[in-house]
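# An overview of the molecular structure
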Amino acid sequence: LFSKTPQAVNAPYKGLLTFRIFLSRILMSPVFPMLTVLSMFYYMCLRRRARTATRGEMNSRRAIESNTRALPINVEIAQHAKEVLDFSSHYGSENSMSYTMWNLAGIPNVYPSSGDFTQTAVFRTYGTWWDRCPSARLPFKRTPPTFCSQDYVELAFEDPVYPTAVHVLETYHPGAVVRILACSANPYSQNPPAEVRWEVLWSEAPAKVNGPQARQFTPCIKQINFPTNLIRLEVNSSLLDYYTELDAVVLHGVKERPVLSLKTSMIDMNDIDEDEDEEKYGCGMDTLNKQFSIVTLREWPTNGYFDKLPYELIQLILSHLTVPDLCRLAQTCKLLYQHCCDPLQYIHLSLQPYWARINDTSLEYLQSRCTLIQWLNLSWTGNRGAISVSGFSRSVLNVQKYFDKLCLQSCCTVVSLSI
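These numbers were taken from a predicted model, which means no experiment stands behind them.

### Points about a nonpolar patch on the surface
Residues Phe306, Leu309, Leu313, Leu316 and Ile317 make up a contiguous nonpolar surface patch of roughly 430 Å² in combined accessible area. With respect to the secondary-structure elements, phenylalanine 306 resides in the loop between α6 (294-299) and α7 (311-318).

Now the structure itself:
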């Protein structure tokens, strides 16, 4: 077959003859030895790569299986903030990323470096000059002494977890964080819960930190009985010499609910000691009953000595109570209910410290008591639809006859638009 000329070869064999001629020319070429070596080297590389990939897949599969067996159910995960949902103020402008709260989302930009960096989150004020300026607003009465927050920021994380630790990376003049809270609502859930709970993980009075150096602030938080991926930081910068700068927030937690500490179920020994002291010093209820005779008790008026006190004096005493204390005291007797519901007790009303519990029902409950109200502070309230437009109009705008001041700092958008 191969001895014939190309013209004599039938059509099916023309391709084979052409390949034979091409192969003979390659074999006779001086480049053939080099091509042979390169081909063999390429073949060896492919074989080694295939074997390595196969072994790597097998080893990784075995490692995953072994880790699945060895790791406990509750594996602690750490996650940075995914998004900044809400905040009260920031130093930067809305058209820039410098010194804005948006810098808290994601991994750290500056930490562990110290100094003034534009890539951090900075609140609007520091020190006490803001309160001493002529345009500063007068403080509201009935503010609880435990409420000292001046600004806040709310951060959303990817996965809901039971918190075990919260790391706040502060890069300049630390010490402003005074309270950390967790929310039961998932901001990424399509079905919002009927009731939103805010639980305080950690709270402390403002304290001045020596030195402006960067630090990782990790307070000891308490355990909660619900998973969360929404953390709120509240700050107080009144003791700082300059603006505090925050770089990132890291949330540590577990997917499964941890076992609560045994300390929560132990008996409080202080209660037993108090009972023993009452028996020792004769201050129990039995001893007090013996000191007052039945005749003396019969001579007492219906409301005790409260009937002998002037109405104005009782009002003055109740003016030192907070709004929750007034609501609790109103449940004791009819006389105190009358005093606690007097509109004179609600001329200056600040609901900012109770922002987490204020909704349409709360405003409607206070409406009958606020007929003479002059100052009303609804700052930080109405978040996530807690106060509707109709609820605000029905409960607040109907009692605006004597309004002199209405504060709506960082109030919900729907309430601001309704005005």
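### Examining the sheet that holds strand β10 (residues 348-350)
Across the sheet, which stays open at both edges, the three strands sit in the order β10-β11-β12 with parallel pairing between neighbours. Each having just a single partner strand, β10 and β12 (405-407) make up the two edges of the open sheet. Direction aside, the axes of adjacent strands within the sheet are offset by 0° on average. Across three bridges, strand β11 (residues 375-377) lies against β12 in parallel orientation. Among the inter-strand pairings, asparagine 377 is bridged to a residue of β12, identified as cysteine 407.

### Details of unusual backbone geometry
With an omega of 15°, the peptide bond between tyrosine 111 and proline 112 qualifies as cis. On the secondary structure map, proline 112 appears in the loop between β2 (83-87) and β3 (121-122). Not every positive phi belongs to a glycine, and tyrosine 99 is a case in point at roughly 60°.

### Let's talk about the environment of glutamate 312
As for its placement among the helices and strands, glutamate 312 is situated in helix α7. Note on glutamate 312: relative accessible area 58%, which makes it exposed. Along the primary structure glutamate 312 and histidine 339 are separated by 27 residues, whereas in three dimensions their C-alpha atoms are 9.7 Å apart.

### Some points on the packing of aromatic side chains
On inspection of all chains with the given rule, the structure shows 13 aromatic pairs. Between tyrosine 91 and tyrosine 99 the ring centres are 5.6 Å apart and the planes differ by 90°, which places this aromatic pair in the edge-to-face class. With centroids separated by 6.0 Å and ring planes inclined at 75°, the aromatic side chains of tyrosine 172 and tyrosine 242 adopt a geometry described as edge-to-face. Pair noted here: tyrosine 172 is in strand β4 (residues 151-172) and tyrosine 242 is in the loop between β8 (228-235) and β9 (245-254), with a separation of 70 residues, a long-range link. On the basis of relative accessibility, which here comes to 30%, the residue tyrosine 242 falls in the partly exposed class. Every member of this aromatic cluster is reached through a ring pair, and the members are Tyr91, Tyr99, Tyr126, Trp129, Tyr172, Tyr242 and Tyr243. Over the aromatic face of tyrosine 188 sits the side chain of lysine 82, whose NZ or CZ is 4.5 Å from the ring centroid. Seen from the ring of tyrosine 152, arginine 232 lies directly overhead, with NZ or CZ sitting 3.8 Å from the centre.

### What to know about the pattern of salt bridges
Taken as a whole, this structure holds 10 salt bridges when the rule is applied. We note a salt bridge from aspartate 159 to lysine 255, for which the minimum N-O separation is 3.9 Å. Of the two residues, aspartate 159 sits in strand β4 while lysine 255 sits in the loop between β9 and α4 (269-281), which places them 96 residues apart along the sequence. One salt bridge in this structure joins arginine 179 and glutamate 234, with 3.0 Å as the shortest N-O distance. Of this pair, arginine 179 sits in strand β5 (residues 177-183) while glutamate 234 sits in strand β8, placing them 55 residues apart in sequence.

Conventions used here
- Residues numbered from 1 in each chain as written.
- Predicted model: local features only at pLDDT ≥ 70, side-chain atom pairs only at ≥ 80, totals over all residues.
- Heavy atoms only, no water.
- Patch = residues over 30% accessible without salt bridge, like charges linked within 9 Å, V, L, I, M, F, W, Y side chains within 5 Å.
- Areas by Shrake-Rupley, 256 points an atom, 1.4 Å probe, with all protein chains shown as cover.
- Salt bridge = Lys/Arg side-chain N within 4 Å of Asp/Glu carboxyl O.
- Helix = DSSP H or I, 4+ residues; strand = E, 2+ residues; numbered from the N terminus.
- Pairing = 2+ DSSP bridges.
- Axes fitted to C-alpha atoms, helices over the stretch in contact; angles between N-to-C directions.
- Buried < 20%, exposed > 50% of the residue type's maximum accessible area, 1.4 Å probe, protein only.
- Phe/Tyr/Trp six-rings, centres within 6.5 Å; stacked < 30°, edge-to-face > 60°.
- Lys NZ or Arg CZ within 6 Å of the ring centre and 35° of its normal.

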